[in-house]
Amino acid sequence: MAKKDSSNIVSLSSDEKTENNGVTVSKTDPTNSGNEYTAKNIDVLEGLEAVRKRPGMYIGSTGPRGLHHLVWEIVDNSVDEALAGYCKNISLTVNSDNSITVIDDGRGIPTDIVAKTGKSGVETVFTVLHAGGKFGGGGYKVSGGLHGVGASVVNALSSRLEVEVYLNGKIYKQVYLRGKPDGGLEVIGQTDIKGTKVTFWPDDEVFFEVNEDLEKNHIAVEWDVLVIRLREMSFLNKGLTITLTDNRDPEGEQKTERFCYEGGIASYVDYLNSTRTVLHKPPIYFEQKKDDIVVECSLQWTDLFSESVYTFVNNINTHDGGTHLTGFRNALTRVINDYARKNNLVKESEANFSGEDVREGLTAIVSVKVPDPQFEGQTKERLGNREVQGITQAVTSDRLIDWLEINPKPAKDIVGKAIQARLAREAAQKAKNLIRRQSALENSSLPGKLADCSDRDPANCEIYLVEGDSAGGSAKQGRNRNFQAILPLRGKILNVERVQPGRIYENTEVQAMIQGLGLSVKESEEEKEAGSKGTGLLRPNAQNLDLSKLRYHKVIIMTDADVDGSHIRTLLLTFFFRYARPLVEQGYCYIAQPPLYKVEKGKRIEYCYNEHKLEAVLAELGDKAIIQRFKGLGEMMPEQLWETTMNPETRTLKQVTVEDASEADHIFDLLMGEAVGPRREFIEKNAHLVANLDV
Ligand code: TSJ
């Protein structure tokens, strides 16, 4: 795989070194002249200046998500090294001063001079935009979405960065301050290990959050975010050990977790299905290489009604699927239909299973390694490489045919599940047609619980989806009825995973949302192909939502700022993600931010949206101040609710992105993969993941 490309690297002995504008260059390199170095040096500085000027362009945001992005940018380099087969252990430590250290036992970043830049490999990686992995070439690089912008971006956005390389028996070290070398790459000692260690201090000038009073708050990486992604990375890289340590506890207590899964993505499927009833054990697993493309899949059917299929390219989650997913799905549909017919499990007169029929209850991971991945779509989360489709399809077909042959008992159960799914689909279609007819009669019927607004122009209008009747009451009184509608949802909306797709419409809360929002359905491509006449079923991953009759251009989820509230928010986001994704994609979905506390002293009233702010306010107002904690929206006076959460002049709204909704869906899956007790705990621990959407 990644071989050293000697044409790019000129080894350098000390007597051949010369300095040029602070850049160490090689005299022996015939392709470079002094002037060129100067020009290149300026280029480089401009590059890193540009990163500091517009960090968002490179890492998406300067909030929590951008901060975590820095971590992944560094970790990805070590994972690449593991992907190339040279690294077995990665450790990530969050230090007490909020700096982050990543260590791997790979080959070590090359220290030789790179001809094109005239700098050491190390300095090139940290100071030249997009220089990562320029040596060697080949191999499978992480380079999707915002990933792969390079270590130089992390360097530019860190107040300080230290790198140590353990190579050739020596310890090399270099330090950078806000992206600029603070001295050269120096040998500081001897060693008999190999690897790379990087510590960086994310720049406080760049990363912060602004609170409601426009004050800057420091932000820090979050344990749970790191755990979820690092666990996923070790699932995706069979046998790779990743250790996470957090040394930030003020009492000095160290938190640490180690991830290593010999079963790779089969362990991932086991994990996701740990509380589900499965149709066969262990999960199906295969890995095969064809024309430089590695296809690795694991799949297991459960008795659930939904499908949970996650796809990855070079360890990156491709939320929008792509050619690998299409190939995988095609293989599945064909092979299972063929198998069912060959073994007389379906009658000749019966129609084929649809793709959705065979995927009902399926949990699967599809992970491909592609040398030059092309990412498409709005969020660059869909794989575009055409060649991957046929290869994934061929590999999946071959291996699935073999598995079904060797495992006739579970094979029969899987076909049985598809038969049930098809029956349910046909029954649901009848029910749906009934609803159609009803709504055709009552046409503009709106749910009884909806308190509508008077304005009829959707562009001006907002609807609040509110948890519970008491909060609904406060919201109805507090709102501006000209343009704000309130839809109270009673209790928890159903768990869309445990319900047959067609039957979600039987849930009154879901019906109320669909009718209230004015959602309708276009015929899906799959239904068109199947030749069915407008079944109009909203299906998982549906792109067939018709938003032309959407009644409000802001759909605002307003739930309590507690654990149950965040659970309901997760459920709603999961519902939107699976059944109404265009609503999120087109930016119509928002989350309201109700305050947690009210502090009063004399005439002065302050609302606090988090504990930090509460502490600051209490410190300022002293102990004469009075602490009211809002346990729920229903406890707030209508005027308070208006002032803090609903008034466009004073409120904060967070717009939900597809990524957020997808994350909620994924977290939801993880929640359901846990046992009941731990699941509850997990929801509590991760409530903030959904709460702190970073826009
Ligand atoms: F880039 C970085 F600074 F962010 C970083 C890189 C951070 C960390 C923690 C590790 C790494 C890193 C890089 N680990 N391992 C490597 N390997 C290489 O850069 C490397 C080594 C040898 C060859 C070769 O072709 O001989 C090629 C590469 C890419």
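One structure accompanies this document, and this report is about it. On a predicted model such as this, the values are computed, not experimentally measured, just so you know.

## Some points on the overall build of the protein
When helices and strands are counted, the protein shows 20 helices and 33 strands. When the 695 residues of the protein are sorted by exposure, 56% land in the buried category. In the protein, once contacts between residues fewer than 6 apart in sequence are set aside, the share between residues at least 24 apart is 70%. In the form shown here, the protein has an accessible surface area of approximately 30,400 Å², with 49% of it arising from carbon and sulfur atoms.

## Topic: the sheet that holds strand β19 (residues 308-313)
Strand order in the open sheet formed by five strands is β17-β18-β21-β19-β20, and the pairing between neighbours is mixed. In the strand order of this sheet, the two ends are held by β17 (284-290) and β20 (316-317), each with one partner. Pairing between strand β18 (residues 293-301) and strand β21 (residues 362-369): eight bridges, direction antiparallel. Looking across to β21, one finds that Ser298 is bridged to Ile365.

## Topic: the pattern of salt bridges
For the structure on display, the rule yields 25 salt bridges. A salt bridge links Arg107 to Glu81; the nearest nitrogen and oxygen atoms lie 2.7 Å apart. Here Arg107 is found in the loop between β5 (100-104) and β6 (113-114), whereas its partner Glu81 is found in helix α3 (residues 64-83), with 26 residues between them in sequence. Residue Arg551 is joined to Asp452 by a salt bridge in which the shortest nitrogen-to-oxygen separation is 2.6 Å. With Arg551 in the loop between β27 (545-546) and β28 (554-558) and Asp452 in the loop between α11 (408-442) and β24 (462-467), this residue pair connects regions lying 99 residues apart in the sequence.

## A short note on the sheet that holds β24
Read across the sheet, five strands follow the order β25-β24-β28-β29-β33 without closing on themselves; strand pairing throughout is mixed. Looking at which strands have only one partner, the edges of the open sheet turn out to be β25 (484-489) and β33 (653-655). Pairwise comparison of adjacent strand axes, ignoring direction, gives a mean angle of 30 degrees for this sheet. Across six bridges, β24 lies against β25 in parallel orientation. Within β25, the position partnered with Ile463 by the bridge is Ala485. Sheet strands in contact with helix α12 (residues 469-478) are β24, β25 and β28, and its direction is about 170 degrees off that of β25. Here helix α13 (residues 508-517) sits on the sheet in contact with β24, β25 and β28, set at roughly 165 degrees to β25.

## Quick word on the packing of aromatic side chains
Enumeration according to the criterion identifies six aromatic pairs in this entry. Measuring from centroid to centroid gives 5.5 Å for Phe126 and Tyr176, while their planes differ by 40 degrees, and the two rings are tilted. Here Phe126 is found in helix α4 (residues 121-127), whereas its partner Tyr176 is found in strand β9 (residues 170-177), with 50 residues between them in sequence. Like Tyr176, Phe126 is buried. Relative to Tyr268, the ring of Phe235 lies with its centre 4.4 Å away and its plane at 10 degrees, an arrangement referred to as stacked. Of the two residues, Phe235 sits in helix α6 (residues 223-236) while Tyr268 sits in helix α7 (residues 265-272), which places them 33 residues apart along the sequence. Neither Phe235 nor Tyr268 differs from the other in exposure class; each is buried. An aromatic cluster of at least three residues, connected via ring pairs, comprises Phe235, Tyr261, Tyr268 and Tyr271. Here the basic side chain of Arg107 rests over the ring of Tyr86, its NZ or CZ set 3.8 Å away from the ring centre. In this structure, Arg581 packs its charged tip against the face of Phe577, placed 3.9 Å from the ring centre.

## Let's talk about α3
The end-to-end C-alpha distance of α3, which contains 20 residues, comes to 27 Å, matching closely the 28 Å that a straight helix rising 1.5 Å per residue would cover. Burial of α3 is extensive: 18 of the 20 residues sit out of reach of the surface.

## Details of α12
Regarding α12, the residues found buried are Ala471, Gly472, Ser474, Ala475 and Gly478. Considered in projection along α12, the buried side chains sweep an arc of 160 degrees and stay on one side of the axis. Opposite the buried face of α12, at more than 90 degrees from it, the exposed residues are Ser470 and Gln477.

## Considerations on the environment of Ile391
Position of Ile391 among the secondary structure elements: in helix α10 (residues 386-406). Each C-alpha atom, one on Ile391 and one on His324, is 8.3 Å from the other, the two residues being 67 residues apart in sequence. Sequence-distant contacts of Ile391, that is, excluding residues within four places in its chain, are made with Lys290, Asp291, Ile293 and Val295.

## Re the environment of Ala340
Within the secondary structure layout, Ala340 lies in helix α8 (residues 323-342). Given the relative accessible area of 0%, Ala340 is considered buried. Along the primary structure Ala340 and Ala411 are separated by 71 residues, whereas in three dimensions their C-alpha atoms are 8.9 Å apart.

## Side note on the packing of α3 against α6
Viewed as axis vectors pointing N to C, α3 and α6 meet at an angle of 20 degrees, and their least axial separation amounts to 12 Å. It follows from the interaxial angle that α3 and α6 lie roughly parallel. Between α3 and α6 the crossing geometry is right-handed. Where α3 abuts α6, its residues His68, Val71, Trp72, Val75, Asp76 and Val79 lie against Val225, Leu226, Arg229, Leu230 and Met233. Partitioned by chemical class, the residues of the contact of α3 with α6 number eight nonpolar, one polar and two charged.

## Side note on unusual backbone geometry
Apart from glycine, the bulk of residues carry a negative phi angle, and the bulk of peptide bonds sit in the trans form. The omega torsion of the bond from Lys281 to Pro282 falls at -15 degrees, within 30 degrees of zero and hence cis. Along the chain, the position of Pro282 falls in the loop between α7 and β17. For Asn98, which is not a glycine, the phi torsion comes out positive at approximately 75 degrees. Along the polypeptide, Asn98 turns up in the loop between β4 (89-94) and β5. Given the relative accessible area of 35%, Asn98 is considered partly exposed.

Rules of the game
- Residues numbered from 1 in each chain as written.
- Predicted model: local features only at pLDDT ≥ 70, side-chain atom pairs only at ≥ 80, totals over all residues.
- Heavy atoms only, no water.
- Helix = DSSP H or I, 4+ residues; strand = E, 2+ residues; numbered from the N terminus.
- Buried < 20%, exposed > 50% of the residue type's maximum accessible area, 1.4 Å probe, protein only.
- Contact = heavy atoms within 4.5 Å.
- Areas by Shrake-Rupley, 256 points an atom, 1.4 Å probe, with all protein chains shown as cover.
- Pairing = 2+ DSSP bridges.
- Salt bridge = Lys/Arg side-chain N within 4 Å of Asp/Glu carboxyl O.
- Axes fitted to C-alpha atoms, helices over the stretch in contact; angles between N-to-C directions.
- Phe/Tyr/Trp six-rings, centres within 6.5 Å; stacked < 30°, edge-to-face > 60°.
- Lys NZ or Arg CZ within 6 Å of the ring centre and 35° of its normal.
- Expected span 1.5 Å × (residues − 1).
- Arc of directions from axis to C-beta.
- Parallel < 35°, antiparallel > 145°, perpendicular 65-115°, else oblique.
- Left-handed = near helix turned anticlockwise from the far one by under 90°.
- Nonpolar A, V, L, I, M, F, W, Y, C, P; charged D, E, K, R; others polar.

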